[in-house]
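# An overview of the molecular structure
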Amino acid sequence: MSLDDNELPRTDEEWRVRLTPEEFHVLREAGTERPWTGEYVDTKTQGVYHCRACGLELFSSDTKFDSHCGWPSFDDAIPGRVKEIEDRSLGMARTEIRCARCDSHLGHVFHGEGFTPKDTRHCVNSVSIKLEPR
């Protein structure tokens, strides 16, 4: 399921061949799917969520929780698999999360909301991830 580093597309044209237009918009152009429309918003299936672009394991279903925000939420990522980048694109400071291997946009991470004991919410676009059930 996971692409080797030397198999990763290098150009937008190569990514467009591998991804649907919606996947390309979210993963490569940092777009956002509409809330409550993603396939994993309410999923309770046990397994591991992979980057839809390169296949890297990103989140365990054990860390998924119901935040009622319209997107899948995780209170932790697999260590070293998600990188955080400051995002000021909407005139406010947020923290974007990207796949550590292929640099694809996943969503944003928020701290201090009190949803879980870890006090962290990785708010992820369903189109950015793919569940591999246990």
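Residues numbered from 1 in each chain as written. Predicted model: local features only at pLDDT ≥ 70, side-chain atom pairs only at ≥ 80, totals over all residues. Heavy atoms only, no water.

### Overview of the state of the cysteines
Applying the stated rule across the entire model yields 0 disulfides. Between Cys-102, a cysteine without a disulfide, and Cys-51, which holds the nearest cysteine sulfur, the sulfur-to-sulfur distance is 3.7 Å. Cys-69 supplies the cysteine sulfur nearest to Cys-123, a cysteine that is in no disulfide, at a spacing of 3.9 Å. Accessibility expressed as a relative area gives 10% for Cys-123, which makes it buried. (Disulfide = S-S within 2.5 Å. Buried < 20%, exposed > 50% of the residue type's maximum accessible area, 1.4 Å probe, protein only.)

### Let's talk about the UniProt feature "domain: MsrB" (unreviewed entry) in the chain
Taken from the UniProt record, the annotation "domain: MsrB" (unreviewed entry) applies to residues 12-134. Helix makes up 13% of residues 12-134 and strand 34%, and the two end C-alpha atoms of the span are 33 Å apart. (UniProt positions renumbered as here; feature names shortened; annotations may be inferred. Helix = DSSP H or I, 4+ residues; strand = E, 2+ residues; numbered from the N terminus.)

### A few points about the environment of Gly-47
Checked against the element boundaries, Gly-47 lands in strand 1 (residues 47-51). Using a relative accessible area of 0% as the deciding quantity, one classes Gly-47 as buried. With 57 residues separating them in the primary sequence, Gly-47 and Ser-104 have C-alpha atoms 21 Å apart. When near neighbours in sequence (up to four residues on either side) are disregarded, Gly-47 contacts Phe-59, Ser-60, Ser-61, Leu-131, Glu-132, Pro-133 and Arg-134. (Contact = heavy atoms within 4.5 Å.)

### What about the sheet that holds strand 2 (residues 57-60)?
Taken together, the 3 strands give an open sheet; going across it, the order is 2-1-9, and neighbouring strands pair in antiparallel fashion. With partners counted over all chains shown, the strands left at the sheet margins are strand 2 and strand 9 (129-133), one partner each. Averaged over all pairs of adjacent strands, the angle between their axes in this sheet comes to 30°, without regard to strand direction. When strand 1 meets strand 9, the two strands line up antiparallel, connected through 5 bridges. (Pairing = 2+ DSSP bridges. Axes fitted to C-alpha atoms, helices over the stretch in contact; angles between N-to-C directions.)

### Side note on unusual backbone geometry
With a phi close to 65°, Trp-36 is a non-glycine residue in the positive phi region. Within the secondary structure, Trp-36 is located in the loop between helix 2 (21-29) and strand 1.

### Observations concerning the nonpolar core
Of all hydrophobic cores here, the largest spans 24 residues; its most connected members are Leu-58, Phe-59 and Cys-102. Broken down by secondary-structure element, the contributors of at least two residues to this core are helix 2, strand 1, strand 2, strand 6 (94-99), strand 7 (105-111) and strand 9. In this view, Leu-58 contacts Tyr-49, His-50, Cys-51, Ala-77, Ile-78, Arg-81, Val-82, Cys-99, Leu-106 and Ile-129; residues no more than four positions away in its chain are not counted. (Core = buried A, V, L, I, M, F, W, Y, C linked by side-chain atoms within 4.5 Å.)

### Re the pattern of salt bridges
Applying the stated criterion to the full structure yields 11 salt bridges. Between Glu-23 and Arg-52 there is a salt bridge, and its shortest N-O distance comes to 3.7 Å. Pair noted here: Glu-23 is in helix 2 and Arg-52 is in the loop between strand 1 and strand 2, with a separation of 29 residues, a long-range link. Ionic contacts of the salt-bridge type, sharing partners, join the residues Lys-83, Glu-96, Arg-98 and Asp-103 into one network. (Salt bridge = Lys/Arg side-chain N within 4 Å of Asp/Glu carboxyl O.)

### Observations concerning the environment of His-68
One can find His-68 in the loop between strand 3 (64-65) and strand 4 (73-74). Along the primary structure His-68 and Arg-94 are separated by 26 residues, whereas in three dimensions their C-alpha atoms are 19 Å apart.

### A closer look at the packing of aromatic side chains
When we look at a pair of aromatic rings, we describe it by the centre distance and by the angle of the planes. Evaluation of the coordinates by the stated rule reveals 4 aromatic pairs. With 5.9 Å between their ring centres and 40° between their planes, Phe-65 and Phe-115 make a pair best called tilted. Taken together, the residues Phe-65 in strand 3 and Phe-115 in the loop between strand 7 and strand 8 (120-124) connect sequence positions 50 residues apart. When its relative accessible area of 42% is taken as the criterion, Phe-115 is described as partly exposed. Taken together, Tyr-40, Tyr-49, Phe-59 and Phe-74 form an aromatic cluster joined through their ring pairs. (Phe/Tyr/Trp six-rings, centres within 6.5 Å; stacked < 30°, edge-to-face > 60°.)

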